[in-house]
Amino acid sequence: MTCKTEELLISLIAPHLAECRHICVGVSSPIPGAAAQLARCKSNDRIVVNLLGDFRHNSFTSGGQEIFDMAGQGRIDAFFLGGGQIDGQANINLVGTGTYPQTDVRWSGSFGSAYLYYLVPNVILFREEHSPRVFVPKVDFVSAPGLSPPEHHRVGGPKCLITGKAEFSFDPIAGRFTLVSVHPGYTVDDIVQSTGFDFDMPDDVPQSKEPDAETLALIRGPVAEQIRGLYPVFADKVFA
Amino acid sequence: MQQTKFLSVDELVTMVPDDCNLAIIKDDSSAPSEAVRALIRRGVKGLHLLTVPTGGYPSDLLIGADCVASVETSGVSLAEFGPAPRFGKAVKSGKIVIRDATCPAVYAALQAGEKGLPFIPLRGVLGSDVAKNRDDWKVIDNPFAKDGDSDPVLLLAAIRPDVALIHAEKADRFGNVWVGREKEMATVAHAAHCTLVTVEEIVDEDLMASTTTAAGTLSNMYVDAIAQAKNGAWPVGLGDLYGRDGAHLQLYAAAARDDDAFEDYLQQFVMTAPVADKIKATA
């Protein structure tokens with residue numbers, strides 16, 4: 001591969017954001033943050049990007065509640081969620097493993113997922129670690145469900161899942177993931193071995209496309225500068 | 001109208017009763033770290049902690065120092081320094097009661113509190129295990145839905161904390177507090193029965209004297225007492241005034257994983273020296 005894994009992931013996420021007007025990115029999310037900035041660069045600044053926790057690349061002025069009020073009105077087009085566990089129905093678990101509440105492992109908590117997953121049209125699931133302990137048949141705790149019954153108000157949900165090894169799309173009718181591409185250095189068999197849930201795939205699974213020279217120049221130039229303020233350690237490591 | 005009191009940090013925290021509902025705001029917005037250290041020194045017990053909407057260093061410290069009986073939170077973590085070890089351990093052992101929430105539910109319930117409403121509806125959340133484990137939340141059918149349409153909506157009881165503990169950049173000598181764009185400080189103060197504030201500095205300028213400053217100000221109508229605490233959010237950040245002390249948070253994250261090391265941490269950084277000496281000790 002001619003670029004770093006982080007750069008590949010940034011370039012794979014960005015096309016999913018191309019049609020957005022407004023992208024929000026949660027805290028501790030350098031790769032999604034960089035992908036949102038790349039989409040913004042490629043849109044000639046038509047797209048608005050808000051990085052939570054950043055004081056410069058952030059237009060909110062009404063406190064932490066404003067993002068949720070905007071999402072409730074449909075003013076946010078894309079957001080990113082992850083999970084300690086993610087299952088084949090796109091349920092996500094940010095709370096812990098084992099029996100709730102005294103879970104064997106306790107993670108931080110559900111944050112805004114139990115709301116934003118329902119209300120933001122394009123939720124991109126992102127988790128760099130691609131292993132059977134993350135991608136499980138059934139999550140131990142549903143912080144936010146991938147699907148809701150038809151009577152529940154739901155305009156948002158998962159569009160795709162991007163990991164350190166592969167990219168999947170999500171079909172909300174079938175309630176299943178489909179393998180879209182495998183990153184350089186991995187095989188379809190690697191993906192099957194590292195994924196604890198069943199998924200669909202075409203007969204021929206392509207390799208994930210590496211960023212072209214123009215995209216890499218944007219990532220290493222303006223994008224790197226725009227996220228350096230919020231993620232100095234990440235920027236130094238990837239863009240040194 | 002009440003007169004805002006000006007106190008030392010140790011005096012301020014005597015106004016936080018044992019067993020009360022205490023609200024504190026997320027790290028890097030308004031984390032009252034020095035006030036929390038003073039609370040631990042005073043030996044507060046049985047707190048019902050509400051994190052607005054998430055918790056970090058001060059929450060983990062309070063939980064680890066056995067000051068907390070229950071916590072309502074959307075998440076407690078040390079962000080890039082990893083999980084909050086004392087929180088995780090206390091939840092796993094059952095030492096504290098956990099009420100898992102989601103960020104907009106905390107905000108909405110406080111907004112109901114500031115309006116004096118008994119409850120507030122919120123979209124989303126239905127069908128999650130977050131909702132299933134909250135028997136204090138209810139679901140009703142939207143009474144305004146079109147005829148015949150079923151539209152279940154979550155209802156949250158209003159939250160009115162007994163005490164809100166806030167750290168801000170500055171206050172004036174009249175008790176008005178500068179919140180700037182961190183308007184959730186105002187939301188929490190409006191909802192709480194008592195608001196206690198630590199600030200980096202107390203200025204002579206009247207923040208209510210011009211519209212420009214008044215627009216970013218929590219007026220003294222809501223402020224019960226103020227104490228000056230320079231670097232009061234340390235080791236977490238405060239808005240764009242100062243960032244996180246990464247070296248110290250790393251040190252904390254490591255210490256908090258081990259019972260004895262956490263006890264040593266409390267002795268070295270909480271029970272004794274004032275904050276300036278502590279910053280030097282890890283510099």
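Small disclaimer: the values here were computed from a predicted structure and weren't measured.

## Details of the pairing of strand 9 (residues 163–172) of chain B
Residues and elements named next belong to chain B. With 9 of 10 residues buried, strand 9 lies mostly within the body of the structure. Relative to strand 9, strand 2 (residues 21–25) runs parallel, the two sharing 3 bridges. Each residue of the ladder has a partner; that of Leu-22, found in strand 9, is Val-163. For strand 9 and strand 11 (residues 194–203), the ladder comprises 9 bridges, and the chain directions are parallel. The residue of strand 11 that forms the bridge with Val-163 is Cys-194. In terms of strand pairing, strand 9 meets strand 10 (residues 177–178) through 2 bridges, oriented antiparallel. In the strand pairing of strand 10, Ala-171 is matched with Val-177.

## Observations concerning the domain arrangement of chain B
All names here are of chain B. Parsing chain B into structural domains produces domain 1 (5–101 + 161–282) and domain 2 (119–157). The C-alpha-based centres of domain 1 and domain 2 are spaced at 32 Å. Each side of the interface is counted separately: domain 1 has 4 residues, and domain 2 has 4 residues. Regarding the contact of domain 1 and domain 2, the summed buried area is about 300 Å², with carbon and sulfur atoms giving 44% of it. On the domain 1 side of the contact with domain 2, Arg-99, Asp-100 and Ala-101 bury the most area, a combined 85% of that side's loss.

## Some remarks on the packing of aromatic side chains
Residue and element names in this part refer to chain A. Per the counting criterion, the structure on display carries 15 aromatic pairs over all chains. Between Phe-68 and Tyr-115, the aromatic rings sit 5.9 Å apart at their centres with planes inclined by 75°, giving edge-to-face as the arrangement. Note that Phe-68 is positioned in helix 3 (residues 66–73) and Tyr-115 in helix 4 (residues 113–119), a separation of 47 residues in sequence. Pair check on accessibility: Phe-68 and Tyr-115 agree, each one buried. If you follow Arg-154 out to its NZ or CZ, it ends over the ring of Tyr-117, 5.1 Å from the centre. Against the face of Tyr-118 rests Arg-154, its NZ or CZ located 4.7 Å from the ring centre.

## Here's the deal with helix 6 (residues 213–228) of chain A
Residues and elements named next belong to chain A. The first and last C-alpha atoms of helix 6 sit 21 Å apart over 16 residues, in line with the 22 Å expected at 1.5 Å per residue. Of all the bends in helix 6, the largest measures some 35° and sits at Pro-222. Every buried residue belonging to helix 6 is among Thr-215, Leu-216, Ile-219, Val-223, Ala-224, Gln-226 and Ile-227, and all of these are buried.

## Points about the nonpolar core
Leu-125 of chain A together with Leu-22, Leu-61 and Leu-62 of chain B are the most contacted members of the largest nonpolar core, which totals 134 residues. The dominant element in this core, judged by the number of residues it contributes, is helix 5 (residues 103–115) of chain B, at 8 residues. Both of domain 1 (5–101 + 161–282) and domain 2 (119–157) of chain B provide at least three residues apiece to this core. Apart from residues lying up to four places away in sequence, Leu-22 of chain B is in contact with Val-16, Leu-39, Leu-47, His-48, Leu-49, Leu-50, Leu-62, Val-163 and Leu-165 of chain B. If you look at the next biggest cluster of nonpolar residues, it comprises 33 residues, including Ile-10, Ala-36, Ala-78 and Ile-227 of chain A.

## Concerning the side chain of Gln-111 of chain B
Take Gln-111 of chain B: it is sitting in helix 5. Beyond its immediate chain neighbours, meaning those up to four positions away, Gln-111 of chain B contacts Gln-65 and Asp-69 of chain A together with Thr-187 of chain B.

## Topic: the packing of helix 6 of chain A against helix 7 (residues 232–239) of chain A
Residue and element names in this part refer to chain A. At a closest axis distance of 9 Å, the pairing of helix 6 and helix 7 adopts a crossing angle of 160°. Taken together, the axes of helix 6 and helix 7 lie roughly antiparallel to each other. Between helix 6 and helix 7 lies a crossing of left-handed hand. Here helix 6 contributes Ile-219, Arg-220, Ala-224, Ile-227 and Arg-228 to the contact with helix 7, which in turn contributes Pro-232, Phe-234, Ala-235, Asp-236 and Phe-239. Grouping the constituent residues of the contact of helix 6 with helix 7 by class yields 7 nonpolar, no polar and 3 charged.

## Regarding the interface of chain B and chain A
Each partner contributes residues to the interface: chain B has 43 residues there, and chain A has 40 residues. Summing the contributions of chain B and of chain A, the shared interface buries around 3100 Å²; its carbon and sulfur component is 57%. Considering only the side of chain B, the residues that lose the most area to chain A are Lys-92, Arg-123 and Arg-181 of chain B, jointly responsible for 20% of the buried surface there. Summed over the shared surface of chain B and chain A, the result is 1 salt bridge. In this structure, the salt-bridge partner of Arg-106 of chain A is Asp-100 of chain B, at a minimum N-O distance of 2.8 Å.

## A word on empty space enclosed by the protein
Where empty space is left can be seen by rolling a probe of water-molecule size over the atoms. One pass over the full model with this rule turns up 1 cavity of 30 Å³ or more. If you go around the largest cavity, the residues you meet are Tyr-118, His-152 and His-153 of chain A together with Leu-122, Arg-123, Gly-124, Leu-126, Pro-152 and Val-153 of chain B. Of the residues assigned to the lining of the largest cavity, the class counts are 5 nonpolar, 3 polar and 1 charged.

Thresholds, definitions, all that
Residues numbered from 1 in each chain as written. Chains lettered and ligands numbered in written order. Predicted model: local features only at pLDDT ≥ 70, side-chain atom pairs only at ≥ 80, totals over all residues. Heavy atoms only, no water. Buried < 20%, exposed > 50% of the residue type's maximum accessible area, 1.4 Å probe, protein only. Helix = DSSP H or I, 4+ residues; strand = E, 2+ residues; numbered from the N terminus. Pairing = 2+ DSSP bridges. Domains from an automatic or database assignment. Contact = heavy atoms within 4.5 Å. Buried area = accessible area lost by both parts, 1.4 Å probe. Phe/Tyr/Trp six-rings, centres within 6.5 Å; stacked < 30°, edge-to-face > 60°. Lys NZ or Arg CZ within 6 Å of the ring centre and 35° of its normal. Expected span 1.5 Å × (residues − 1). Bend = angle between axes of the 7 residues up to and from the residue. Core = buried A, V, L, I, M, F, W, Y, C linked by side-chain atoms within 4.5 Å. Axes fitted to C-alpha atoms, helices over the stretch in contact; angles between N-to-C directions. Parallel < 35°, antiparallel > 145°, perpendicular 65-115°, else oblique. Left-handed = near helix turned anticlockwise from the far one by under 90°. Nonpolar A, V, L, I, M, F, W, Y, C, P; charged D, E, K, R; others polar. Salt bridge = Lys/Arg side-chain N within 4 Å of Asp/Glu carboxyl O. 1 Å grid on protein atoms, 1.4 Å probe; cavity = no way out; pocket = protein on both sides within 12 Å on 5 of 7 lines; lining within 4 Å. Points joined across faces, edges and corners; volume = space filled by probe spheres on them.

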